[in-house]
Amino acid sequence: MLDVVLVEYVSDAQMVRSIRNRVKDNLTNDHSFIDAQKQYDWFLNLDHSTNILYLYSEGDTQAIVGFGYLRKVKDRWYATLAVEEEFRGKKYGIEIYNHLKNASEDDLWLEIYSDNNPSLRAALAADFKIVDILDKTILLVYRKE
Ligand SMILES: CC(C)(COP(=O)(O)OP(=O)(O)OC[C@H]1O[C@@H](n2cnc3c(N)ncnc32)[C@H](O)[C@@H]1OP(=O)(O)O)[C@@H](O)C(=O)NCCC(=O)NCCS
């Protein structure tokens, strides 16, 4: 089981930034590199009611494993996540998707590149369902009852 921390401090937001920059090409929203100043400004001005970040660590070592991000766009909540390379293949991606879907106050949407098999498989294993297959991306949703 992973430990979960809600990101409330800039120092933790910078930790998210480092992980995020390493996987930026897999994220469908924004591929740009984010520097420390940009992250600082973004986090300080963030609407925390519609942008929720989590850091996950291994219970025994407290090593940071990855992050999760819930973001409300118009009336939909979207999620993204990353697991650090050395921790991949241990089902942590599935665990983080499960945490995010439970933490979300409403149905949770994912937009994943069609060739991102690890993310797709993790999402399906966490009970997200495919709703649309687009040119380069696949749209999935987890519907709350
Ligand atoms: C996507 C990501 C979070 C998955 O994390 P992970 O902890 O390695 O995934 P898990 O161990 O939970 O495995 C999830 C599933 O993917 C499969 N998988 C893992 N690595 C894989 C790979 N390289 N190729 C194909 N399938 C893979 C696993 O077998 C498992 O599927 P299964 O349950 O059907 O066996 C991780 O690869 C990552 O951080 N990638 C970069 C960032 C990213 O793509 N984020 C998602 C943006 S939409």
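Use the structure listed above.
Calculation criteria
Numbers given to residues run from 1 along each chain, matching the order in which its sequence is written. Owing to the predicted nature of the model, reporting of local features is limited to residues with pLDDT of at least 70; listing and counting of side-chain atom pairs is limited to 80 or more, with chain, interface and lining totals taken over all residues. Only DSSP runs of H or I covering at least 4 residues are called helices, and only runs of E covering at least 2 are called strands; the numbering of each starts at the N terminus. Three exposure classes are used, all based on how many other C-beta atoms lie within 10 Å of a residue's own C-beta (placed from the backbone): buried at 20 or more, exposed at 12 or fewer, and partly exposed between those limits. A residue pair is marked as a contact if its C-beta atoms, positioned from the backbone, fall within 7 Å. Note on geometry: axes are lines fitted to C-alpha atoms, helical ones only across the stretch in contact, with angles between N-to-C directions running from 0 to 180 degrees. Small angles under 35 degrees read as roughly parallel and large ones over 145 as roughly antiparallel, with 65 to 115 read as roughly perpendicular and the rest as oblique. Crossing chirality is assigned from the near helix's rotation relative to the far helix, an anticlockwise turn below a right angle marking it left-handed and a clockwise turn marking it right-handed. For this classification, Asp, Glu, Lys and Arg are treated as charged, while Ala, Val, Leu, Ile, Met, Phe, Trp, Tyr, Cys and Pro are nonpolar and the rest, including Gly, are polar. Nearness rests on one distance test: the residue's C-beta atom, set from the backbone, must lie within 6 Å of the molecule or strand.

Visitor: Break down the environment of leucine 108 for me, with residues and values.
Guide: Structurally, the position occupied by leucine 108 is in strand E5 (residues 108-113). Note on leucine 108: 24 C-beta atoms within 10 Å, which makes it buried. A C-alpha to C-alpha distance of 8.3 Å links leucine 108 and leucine 140, two positions 32 residues apart in sequence. Apart from residues no more than four positions distant in its own chain, leucine 108 is found in contact with Trp77, Ala79, Leu100, Lys101, Val141 and Tyr142.

Visitor: Got a sec to walk through the packing of helix H1 (residues 10-22) against helix H2 (residues 36-44)? Specific residues and values, please.
Guide: Remark: H1 packs on H2, axes separated minimally by 10 Å, with the N-to-C direction vectors making an angle of 125 degrees. Here H1 lies oblique to H2, going by the angle between them. For the crossing formed where H1 meets H2, the hand is right-handed. Residue-level inspection shows Val10, Ala13, Gln14 and Arg17 of H1 in contact with H2, the latter providing Ala36, Gln39, Tyr40 and Phe43. Here the residues of the contact of H1 with H2 sort into five nonpolar, two polar and one charged.

Visitor: Tell me about the site of the ligand, and please be specific about residues and values.
Guide: What surrounds the ligand is a group of 22 residues, the closest being Asn26, Arg88, Gly93, Arg121 and Ala122. The set of elements that each furnish at least two residues to the shell around the ligand consists of strand E4 (76-83), helix H3 (92-103) and helix H4 (117-125). It is H4 that contributes the most residues to the shell around the ligand, six residues altogether.

Visitor: Describe in detail the packing of H3 against H4, supporting the description with residues and values.
Guide: Orientation of H3 relative to H4, taken along the N-to-C sense of each, is 55 degrees, at an axis distance of 8 Å. Judged by the angle between their axes, H3 and H4 are oblique. For the crossing formed where H3 meets H4, the hand is right-handed. On H4, the residues touching Gly93, Ile94 and Tyr97 of H3 are Pro118, Ala122, Ala123 and Ala125. Residues that form the contact of H3 with H4 fall into these classes: six nonpolar, one polar and no charged.

Treat this as a map of the structure, not an account of what it does.
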